[in-house]
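# Summary of the model geometry
Read off the chains here:
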Amino acid sequence: PEQEESGVFCTHCIHTPVPAVKSCLLCEASLCDNHLRVHSKSPEHVLCDPTTSLKDRKCSIHKKILEYYCIEDSTCICVSCRLDGEHRGHQVETLEEASEMKKKKLRNVLQKLMTEREKMEKRVQSLQECRRKVQGKADDETKRVTALFRDLRRRLEDLEKRVLRDISGWAERVSCPMLDYIRDLEIKKEELSRKMRDIEELCNMTDPLTVLQESGHR
């Protein structure tokens, strides 16, 4: 299944696609199990994992397998590049040596990144814990303030009712004597009005005797 997922098939199996198990850099061909058994075992036939980029593994100038790494130019080269080409006299390493050195550097970088990530994770955890504490304190304060204002509202409502009740009682105490006094004045006013009507009637009479007699009785 892994061979099928790679998408590389045997170059020699033309009629039916068969997953390749190896690729030959010299032949620029991929081989299944059957064709790998009859393939040349000579050293120049370098085998690698199945790949579709066989041309990328050869020198574009000399068409030979890339076997070395030029340290000065940071590039992969073939034996002709090293001996007769533009990289002659340069410091070179085998691909295996250069790869191991590169892996070593990458592991150091990876270790630093892992250390940095661990520091960040601890910092994130610390900040999250701090945030939880802040949120918890805020929740407690919210509950406390809510309860406080609820109690204040209740007290204000009670105070309002008491003050309104006192105002109503005061108004009633003050107005009751006034009502009694007003009733007395209304009675006296009616009495005065009656006397005024009697006098007006006398003033409107034309008979002198009647005026004198009636005024004596009133």
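Residues numbered from 1 in each chain as written. Predicted model: local features only at pLDDT ≥ 70, side-chain atom pairs only at ≥ 80, totals over all residues. Heavy atoms only, no water.

### Details of the nonpolar core
A general tendency of soluble globular proteins is for nonpolar side chains to be buried together. Formed by Cys59, Leu66, Tyr68, Cys70, Ile77, Cys78, Cys81 and Val92, the largest nonpolar core amounts to eight residues. Each residue touching Cys78, except ones within four places of it in the same chain, is listed here: Cys59, His62, Lys64, Ile65, Leu66, Glu67 and Tyr68. (Core = buried A, V, L, I, M, F, W, Y, C linked by side-chain atoms within 4.5 Å. Buried < 20%, exposed > 50% of the residue type's maximum accessible area, 1.4 Å probe, protein only. Contact = heavy atoms within 4.5 Å.)

### Describing the pattern of salt bridges
A full pass over the atoms with the stated rule returns 11 salt bridges. The closest approach of N and O atoms between Arg183 and Asp180, which form a salt bridge, is 2.1 Å. With Arg183 and Asp180 both in helix H4 (residues 95-204) and three residues apart, the pair spans about one turn of that helix. Sharing partners across several salt bridges, the network here consists of Asp151, Arg154, Arg155 and Asp158. (Salt bridge = Lys/Arg side-chain N within 4 Å of Asp/Glu carboxyl O. Helix = DSSP H or I, 4+ residues; strand = E, 2+ residues; numbered from the N terminus.)

### Things to note about the sheet that holds strand S5 (residues 75-77)
Reading across from one edge, S5-S4-S6 is the order of the three strands in this open sheet, with antiparallel pairing throughout. Each having just a single partner strand, S5 and strand S6 (92-94) make up the two edges of the open sheet. Direction aside, neighbouring strands of the sheet carry axes that sit 35° apart on average. Pairing between strand S4 (residues 68-70) and S6: three bridges, direction antiparallel. Bridge pairing in S6 places Cys70 opposite Val92. Taken strand by strand, H4 contacts S4, S5 and S6, and its axis lies near 95° from that of S6. (Pairing = 2+ DSSP bridges. Axes fitted to C-alpha atoms, helices over the stretch in contact; angles between N-to-C directions.)

### Observations concerning the sheet that holds strand S1 (residues 22-24)
Ordered by their spatial adjacency, three strands build an open sheet running S2-S1-S3, and the pairing between neighbours is antiparallel. Each edge of the open sheet carries a strand with a single partner, namely strand S2 (29-31) and strand S3 (47-48). In the sheet, S1 pairs with S2 via three bridges, with the strands oriented antiparallel. What sits directly across from Ser23, in S2, is Ser30.

### Structural notes on the packing of aromatic side chains
Counted under the stated rule, the structure contains zero aromatic pairs. Above the plane of the ring of Tyr68 lies Arg82, whose end atom (NZ or CZ) is 4.7 Å from the centre. (Phe/Tyr/Trp six-rings, centres within 6.5 Å; stacked < 30°, edge-to-face > 60°. Lys NZ or Arg CZ within 6 Å of the ring centre and 35° of its normal.)

### A short note on a nonpolar patch on the surface
Taken together, the side chains of Leu156, Leu159, Val163, Leu164, Ile167, Trp170, Val174, Met178, Leu179 and Ile182 present a nonpolar region at the surface, about 940 Å² in accessible area. Among the structural elements, Ile167 can be located in helix H4. Accessibility expressed as a relative area gives 47% for Ile167, which makes it partly exposed. (Patch = residues over 30% accessible without salt bridge, like charges linked within 9 Å, V, L, I, M, F, W, Y side chains within 5 Å. Areas by Shrake-Rupley, 256 points an atom, 1.4 Å probe, with all protein chains shown as cover.)

### Let's talk about the side chain of Lys58
Structurally, Lys58 is set in the loop between S3 and S4. Residue Lys58 is classed as buried on the basis of its relative accessible area, which comes to 14%.

### Quick notes on H4
A bend of about 25° at Ser175 is the largest found in H4, and the proline Pro177 appears one to four places after it. Along H4, the residues that are buried comprise Ala98, Gly169 and Leu202. (Bend = angle between axes of the 7 residues up to and from the residue.)

### Notes on the UniProt feature "coiled-coil region" (unreviewed entry) in the protein
The UniProt record annotates "coiled-coil region" (unreviewed entry) at residues 92-205. With 96% helix and 3% strand, the stretch residues 92-205 has end C-alpha atoms that lie 155 Å from each other. (UniProt positions renumbered as here; feature names shortened; annotations may be inferred.)

### Quick word on the confidence of the model for the protein
On average, residues of the protein carry a pLDDT of 87, and 95% of them reach 70 or more. The least confident element of the protein is helix H1 (residues 2-6), whose mean pLDDT is 50; the most confident is H4, at 94. (pLDDT = per-residue confidence, 0-100.)

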